[in-house]
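Commentary on secondary and tertiary structure
Here is what each chain is made of, one letter per residue.
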There are 2 protein chains.
Amino acid sequence: MRQSNLFYKTQKEFNNQELSKNAQLLTRAGFIHKLMGGIYSYMPLGYRTLNKIENLIRQYMVTVNGQEVMMPVLQPAEVWHKTGRWDKIDVLYKIKGHGDKDYALSPTNEEVVTPFVTNFISSYKDLPMSVFQIQNKFRDEPRSKSGLFRCKEFRMNDLYSFHASQEDLDSYYDKVAEMYMKFYTDCGIGDETYFTYASGGAFAKYSHEFQTLTDAGEDTIFILPGTKIAINREIIDDKAALRDIVPNYTDGMENSFEQRRAVEVGNIFKLGTRFTGPFNANFVDKDGQTKPVIMGCYGIGPSRVMGTVAECLSDDKGLVWPEKIAPFEWHLISLAIKDSETAQVEDLYRQLRDANFDLLYDDRQNVRGGNKFAESDLIGIPNKIIAGRNFFNTGNLEIQNRATGNTQQMNLADLIQFARKNKCK
Amino acid sequence: MRQSNLFYKTQKEFNNQELSKNAQLLTRAGFIHKLMGGIYSYMPLGYRTLNKIENLIRQYMVTVNGQEVMMPVLQPAEVWHKTGRWDKIDVLYKIKGHGDKDYALSPTNEEVVTPFVTNFISSYKDLPMSVFQIQNKFRDEPRSKSGLFRCKEFRMNDLYSFHASQEDLDSYYDKVAEMYMKFYTDCGIGDETYFTYASGGAFAKYSHEFQTLTDAGEDTIFILPGTKIAINREIIDDKAALRDIVPNYTDGMENSFEQRRAVEVGNIFKLGTRFTGPFNANFVDKDGQTKPVIMGCYGIGPSRVMGTVAECLSDDKGLVWPEKIAPFEWHLISLAIKDSETAQVEDLYRQLRDANFDLLYDDRQNVRGGNKFAESDLIGIPNKIIAGRNFFNTGNLEIQNRATGNTQQMNLADLIQFARKNKCK
């Protein structure tokens, strides 16, 4: 894509509309635009990044047999009354429609997915079954000041699994937990993300959160020394839980745990029959007996992940995207002045597109090189391809890595080779 | 994908929950599931079809320089008051949030896109600019009885263009109109879709609707004899408009126009300054003068298109999808009984996947061939690959076209060749 056509505009100055670092950077780099607190529009760069994150999730969903569906977010009050959550969730947006009909605007989807999926389940042969979706969800957040961390409207990937037994749920749950960690690693935040024990509700001892360390986070976690495991604030005072979770626990040990601020980038939950119960979702087992379906749910917030990566991986020059979720993998920067030089870069652009480079092309004529570099750093595309003096004279390009700052000289053929090798990693 | 794992279930019998043919068929074939009138969940087959339609739209959007963005559907009342539409749109869902704050749930997006895009426009050099999105939209429909034709929550592709002059809008508008018709042709409803004149509002003589003929449609159009052009009911009595639109118009001529029921599958609108005015969206022109930005909007409803194709192209056996929007292009149907036969088909499946066939594989062991064929016809996948007696003995497959019923015998190598040729068409 040509940068001269791209719908975006970067800002050098601090944006006084945004208090959080992630929204500050994403706004200045032309990724998002604030409509009001907690409600953003995604510009092409932001939409591409979000899309990369969501497509990466889709790839991982397949590995746990998730099938993509799309459920409505406008949901009749009846299903929310059935589970008793109509009056319990204080961030639930409620709408009155024609005919005095009440609706909820979905903050989570158990009330719809449970009757939807189990409608098609009658026998143990229909189990296990997993469906997922990626869509906008809604929470009536009283304070939305952390950019993409806490929004009124946000992106959500929710996966739901249905099982014939607790054992089957348990092993599936472990698989999803492992898969989640791989996803965060791909997003560049794996090292800072902790598998965190949280309270489990009526049907499980614990649920688990994936918490990424950042001072901008709204949660506090307690890290088990020398591990990637942590405990949430809500159960840190529960001695029984500590004895259960912490190897060789001794009284007061938790006081030595490192206490850190973090943002929750995912959570997984064993629901048991919490929702299949109210909806009478049963199946006939091998032994001919009618039993309730056992259920799990798993959530990643793609827009919050985007905000977290912006918050955690950025530096003083701007955003730093890992290749798998960058808006573009490559940024071709033209330093052409003469017409013959422009023609050379145009030809290069054509060849890179033919070689399937995921490429933004800074073709702007009236912008100085220094400004182009600064803007590229702010946007955070992983690799610059600089077509400057050297290229016009010798055909050699300068390849610069955004994260490390390392540069290499190579010609087009070598670059294509280099990109291929990189892709296979 | 293996059919034995697919989340779906077909129904042979008439579904008494659904009165419209499109919802009847899509429900029976396992594409959609009704939550309540006008609100559906999309199962994997339905989601895939919708996705194919939306990705086809994305390809066309690029041809008119549309850049994909994502705007919120939860919108503060203020922007709707600004354009005077808060109290004028009777299908607008209104929500009250924390702090007594009023929101609209977007049925259309001018109130957000106008300040969003024009915020980045200051000079004629920033124009023209086009952005689009594909997302769920909402209308508080008092009656929702036509399946996917009229939903409370539905998919929408909305494109918005911004121009420095009326002439530039006019020529862009014509390009979009032409592009829309190509899209409907790809969806198999081109022949039945009419470019229909409708009233234009304060800033244009006419707007245009794309109307597809079907007795299930809720609109009535009047076709100009021998053309693909029609006139909407709302302006058929407007003599001045008729004189303007109909070549060599003579009084009463409209009485001879064919009157047909149709469903609106798209509409395009020259907005002029209807929305840029209230938002003070101006730019500085070449001559240094400050002028209001000129705007157009263009909409296709992907879910309604899906319903229209289901309604119009189906036959007494079920759905008939054109290849470009089918949930799968190919349906491999195994008639294996012996283990050795199953192994042969499994090997074939592997080879077809390696050759990138977009393929559903009916690998079910306990379902009779006749039932597999009937189910395939109901689902409407364009091409069956039947691995039966002949295949086990000679390696020859039977390829059957869903729309025509034509069958051909060919071996795997020929099939791969045949698919490639088909794809290039």
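The structure presented is a predicted model; accordingly, all values stated were derived computationally and were not measured.

1. A closer look at the overall build of chain A
When you go through chain A residue by residue, the secondary structure sums to 11 helices and 21 strands. If one aligns the C-alpha atoms of chain A with their principal axes, the spans along those axes are about 80 × 60 × 45 Å. Going through the 425 residues of chain A one by one, you find that 47% of them count as buried. Within chain A, counting contacts between residues at least 6 apart in sequence, those at least 24 apart form 69% of the total.

2. A word on helix α8 (residues 339-354) of chain B
Because each turn of an α-helix spans 3.6 residues, side chains separated by three or four positions end up pointing in the same direction. Residues and elements named next belong to chain B. Between its first and last C-alpha atoms α8 spans 23 Å; for 16 residues at 1.5 Å apiece the expected length is 22 Å, and the two agree. Residues Val345, Leu348 and Leu352 constitute the buried set of α8. In an axial view of α8, the angular spread of the buried residues amounts to 55 degrees, which keeps them on one side of the axis. For α8, the exposed residues lying more than 90 degrees away from the buried face are Asp339, Ser340, Ala343, Asp347, Arg350 and Asp354. Downstream of α8 by one or two residues, Asn356 has phi in the positive range, about 60 degrees.

3. Remarks on the nonpolar core
Nonpolar side chains in soluble globular proteins tend to be buried together. Within the largest apolar cluster, 231 residues are counted, with the highest numbers of intra-cluster contacts made by Val309 and Ala387 of chain A together with Val309 and Ala387 of chain B. Excluding residues that lie within four positions of it along the chain, Val309 of chain B makes contacts with Cys187, Gly188, Ile189, Trp321 and Ile325 of chain B.

4. Describing the sheet that holds strand β17 (residues 330-334) of chain B
All names here are of chain B. Pairing in this open sheet of five strands is mixed, and the strands run β18-β17-β19-β20-β21 from one edge to the other. With partners counted over all chains shown, the strands left at the sheet margins are β18 (359-362) and β21 (407-410), one partner each. The average angle at which neighbouring strand axes cross in this sheet is 20 degrees, direction not considered. The sheet contact formed by strand β20 (residues 397-401) and β21 spans four bridges and is antiparallel.

5. Considerations on the relation of the copies chain A and chain B
Expressed as a screw operation, the relation of chain A to chain B combines 0.0 Å of axial shift with a rotation of 180 degrees, fitting to an RMSD of 0.0 Å. With respect to symmetry, the two chain copies, as superposed, fit the operation of a two-fold axis. Residue Ile95 of chain A of chain A places its C-alpha closer to the rotation axis than any other residue of that unit, at 2.6 Å. An overlap of 100% is found between the interface residues of chain A and their copies at the interface of chain B, pointing to a shared contact surface.

6. Side note on the domain arrangement of chain A
Under the domain assignment used here, chain A contains domain 1 (21-313) and domain 2 (328-424). Here the C-alpha centre of domain 2 of chain A lies 39 Å away from the C-alpha centre of domain 1 of chain A.

7. What to know about the sheet that holds strand β19 (residues 383-387) of chain A
Residues and elements named next belong to chain A. Judged by pairing direction, the sheet is mixed, and its five strands sit side by side in the order β18-β17-β19-β20-β21 without closing on themselves. The sheet is open, and its two borders are formed by β18 (359-362) and β21 (407-410), each paired with just one other strand. Recorded for the sheet is a direction-independent mean angle of 20 degrees between the axes of neighbouring strands. Inspection of the sheet shows strand β17 (residues 330-334) paired to β19 by five bridges, in the parallel sense.

8. Focus on unusual backbone geometry
Each neighbour pair has its own omega, and for Leu127 of chain A with Pro128 of chain A the value is -5 degrees, a cis peptide bond. Locating Pro128 of chain A in the fold gives a position in the loop between α4 (110-118) and β7 (129-138). With a phi angle near 60 degrees, Asn65 of chain A is a residue other than glycine that sits in the positive phi range. Structurally, Asn65 of chain A can be placed in the loop between α2 (44-63) and β3 (67-68). Of note, Asn356 of chain B is a non-glycine position whose phi angle comes to about 60 degrees, a positive value.

9. Topic: the packing of helix α1 (residues 21-28) of chain A against helix α7 (residues 302-313) of chain A
Describing two packed helices takes the angle between their axes plus the distance from one axis to the other. All names here are of chain A. Relative to each other, α1 and α7 sit at 95 degrees, their axes nearing to 8 Å. As the angle between them shows, α1 and α7 are arranged roughly perpendicular. Judged by residue contacts, Lys21, Asn22, Leu25 and Leu26 of α1 engage Gly307, Ala310 and Glu311 from α7. For the contact of α1 with α7, the class distribution of residues is three nonpolar, two polar and two charged.

10. What about the pairing of strand β9 (residues 193-199) of chain B?
Residue and element names in this part refer to chain B. Across the seven residues of β9, five count as buried, placing the element largely inside the fold. When β9 meets strand β10 (residues 206-213), the two strands line up antiparallel, connected through seven bridges. Bridge pairing links Thr196 to Glu209 in β10. As consecutive antiparallel partners, β9 and β10 are separated by six residues, and within that stretch Gly201 has a phi angle of approximately 80 degrees, a positive value. When β9 meets strand β12 (residues 229-232), the two strands line up parallel, connected through three bridges. The partner of Tyr197 across the bridge, within β12, is Ile231.

Definitions and cut-offs
- Residues numbered from 1 in each chain as written.
- Chains lettered and ligands numbered in written order.
- Predicted model: local features only at pLDDT ≥ 70, side-chain atom pairs only at ≥ 80, totals over all residues.
- Helix = DSSP H or I, 4+ residues; strand = E, 2+ residues; numbered from the N terminus.
- Buried ≥ 20, exposed ≤ 12 C-beta atoms within 10 Å, placed from the backbone.
- Contact = placed C-beta atoms within 7 Å.
- Expected span 1.5 Å × (residues − 1).
- Arc of directions from axis to C-beta.
- Core = buried A, V, L, I, M, F, W, Y, C linked by C-beta atoms within 7 Å.
- Pairing = 2+ DSSP bridges.
- Axes fitted to C-alpha atoms, helices over the stretch in contact; angles between N-to-C directions.
- Least-squares fit on C-alpha atoms with pLDDT ≥ 70 in both.
- Domains from an automatic or database assignment.
- Parallel < 35°, antiparallel > 145°, perpendicular 65-115°, else oblique.
- Nonpolar A, V, L, I, M, F, W, Y, C, P; charged D, E, K, R; others polar.

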